Amino acid sequence: MNVDIEKTWRKELVGEFNTPYFTELTSTVREKYLAGAPIYPAPKNVFNAFELCPFNAVKVVILGQDPYHGEGQAHGLCFSVQDGVKVPPSLQNIYKELQSDLGIPIRTTGDLSLWAKQGVLLLNATLTVEAGKAGSHQGLGWEQFTDAVIRNLSEKKEHLVFLLWGKYAQDKGAIIDTTKHLVLKAPHPSPFSAYTGFFGCKHFSKANEYLQRHAKSTIQW
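To keep things clear, this report deals only with the structure shown in the data block.

Looking now at the overall build of the protein chain. On a plain count of helices and strands, the protein chain comes out with eight helices and six strands. Listed by position from the N terminus, the elements making up the protein chain come as α-α-β-α-β-α-α-β-β-α-β-α-β-α. Relative to the globule expectation of 17 Å for 221 residues, the C-alpha radius of gyration of the protein chain, 17 Å, shows essentially globular dimensions. Here the protein chain holds 221 residues, and the buried ones make up 53% of them.

Okay, unusual backbone geometry next. Cis geometry is found at the peptide bond from Tyr40 to Pro41, where omega equals -5°. By the secondary structure assignment, Pro41 is in the loop between β1 (39–40) and α3 (48–52). You will see that His159, though not glycine, has its phi angle at about 60°, which is positive. As for its position among the elements, His159 is in the loop between α6 (142–156) and β5 (161–165). By relative accessible area, which is 26% here, His159 ends up partly exposed.

Turning our eyes to something else, we now look at the pattern of salt bridges. Counted according to the given criterion, the structure contains four salt bridges. The shortest N-O distance in the salt bridge between Lys156 and Glu12 comes to 2.8 Å. On the criterion of sequence distance, the pair formed by Lys156 in helix α6 and Glu12 in helix α1 (residues 7–17) is long-range, its members being 144 residues apart. In this structure, the salt-bridge partner of Asp171 is Lys167, at a minimum N-O distance of 2.6 Å. Pair noted here: Asp171 and Lys167 are both in helix α7 (residues 167–172), with a separation of four residues, about one helical turn. Take Asp171: its relative accessible area is 45%, and that puts it in the partly exposed class.

All right, on to the packing of helix α2 (residues 20–34) against α6 then. Viewed as axis vectors pointing N to C, α2 and α6 meet at an angle of 125°, and their least axial separation amounts to 9 Å. Between α2 and α6, the interaxial angle falls into the category oblique. Handedness of the α2/α6 crossing: left-handed. Listed contacts from α6 to Tyr21, Phe22, Leu25 and Val29 of α2 are Trp142, Gln144 and Phe145. By residue class, the composition of the contact of α2 with α6 is six nonpolar, one polar and no charged.

A separate point is the environment of Gly139. Within the fold, Gly139 resides in the loop between β4 (129–130) and α6. For the pair Gly139 and Leu25, spaced 114 residues apart in sequence, the C-alpha separation works out to 9.5 Å.

Turning to the nonpolar core, a few remarks are in order. The biggest cluster of nonpolar side chains holds 68 residues, and the ones touching the most others in it are Ile62, Phe145 and Trp221. Dropping the residues within four chain positions of it, Trp221 is found in contact with Val60, Ile62, Leu98, Leu102, Ile104, Arg107, Trp115, Val120, Leu163, Phe204, Ala207 and Asn208.

Read across the open sheet, the four strands follow the order β3-β2-β5-β6; overall the sheet is parallel. With partners counted over all chains shown, the strands left at the sheet margins are β3 (120–124) and β6 (182–186), one partner each. Ignoring strand direction, the axes of neighbouring strands in this sheet form an average angle of 20°. In this structure, strand β2 (residues 60–64) lies alongside β5, joined through three bridges in parallel fashion. When the sheet's bridge partners are listed, Val61 is paired in β5 with Phe162.

Parameters at a glance
Each chain carries its own residue numbering, running from 1 in the direction its sequence is written. With the structure being a predicted model, the display of local features is reserved for residues of pLDDT at least 70 and the display and counting of side-chain atom pairs for 80 or more, all residues being used for whole-chain, interface and lining totals. Side-chain metrics in this entry use all non-hydrogen atoms of the structure; hydrogen atoms and water are not considered. Here a helix means four or more residues in a row that DSSP labels H or I, a strand means two or more in a row labelled E, and each is numbered from the N terminus. Atoms counted for the radius of gyration: C-alpha only. Globule rule: 2.2 Å times residue count to the power 0.38. Exposure is judged per residue with a 1.4 Å probe applied to protein chains only, and the accessible area is read against the type maximum: over 50% gives exposed, under 20% gives buried, and values in between give partly exposed. A carboxyl oxygen of Asp or Glu within 4 Å of a side-chain nitrogen of Lys or Arg is what we treat as a salt bridge. A fitted line through C-alpha atoms serves as each axis, taken over the contacting stretch for helices, and the angle formed by two N-to-C directions is quoted from 0 to 180°. For classification, angles of less than 35 degrees are called roughly parallel, those exceeding 145 degrees roughly antiparallel, those between 65 and 115 degrees roughly perpendicular, and all remaining angles oblique. For any helix crossing, the convention is left-handed if the near helix is rotated counterclockwise from the far helix by under a right angle, and right-handed if that rotation is clockwise. Working rule for contacts: check all heavy atoms of both residues, and any pair within 4.5 Å makes them a contact. Here the nonpolar group is Ala, Val, Leu, Ile, Met, Phe, Trp, Tyr, Cys and Pro; Asp, Glu, Lys and Arg are the charged ones; every other residue, Gly included, is treated as polar. We define a nonpolar core as any set of buried Ala, Val, Leu, Ile, Met, Phe, Trp, Tyr and Cys residues linked to one another through side-chain atoms lying within 4.5 Å. Whether two strands pair depends on DSSP finding at least two bridges between them.

In short, geometric facts, not functional conclusions.
Okay, structure coming up:
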């Protein structure tokens, strides 16, 4: 089937788009968008992470779980919210760690598009969600699709950095080939767990050090 996704990703994932699970997934999600209850993000932003970070440009992968389910928040990038929206608690903690690790002043905008444009794939495991209902689109098939994304990156690229925050991301990242890539793990940056090891993990400096060692440009976090 024809999926409106960035061209290099379409080439890599074409095998997924013609599978029964993906056909059923897209049909189900389309029906939910048309049914009336708000679904986030807007349809044009469902594949935004791929649009802003083509397959050939990926250097770092950050794994999230679900899109934000509040009005105006989600725009297709994990942990990121649209400009002008209040910065969510987990992202506030990410900014605090950035300040501690690299001395970067805490930002007032939660839009991480500039990271994506530098080669950071901000990938949620599930790409859509019903308003006000966290996890409501889990089990529809998105997880199988995003597993295929991770598998393609792991198998076809070298010297990527995967940032896996929390048990969910770490379990999902079990398919990553650690002989070819750097996998950094820490607790989730949510207020419930950030103080158990996310703060002080220094993942941002470690990622840049690894990229530099492998002759790749670093990320301007």
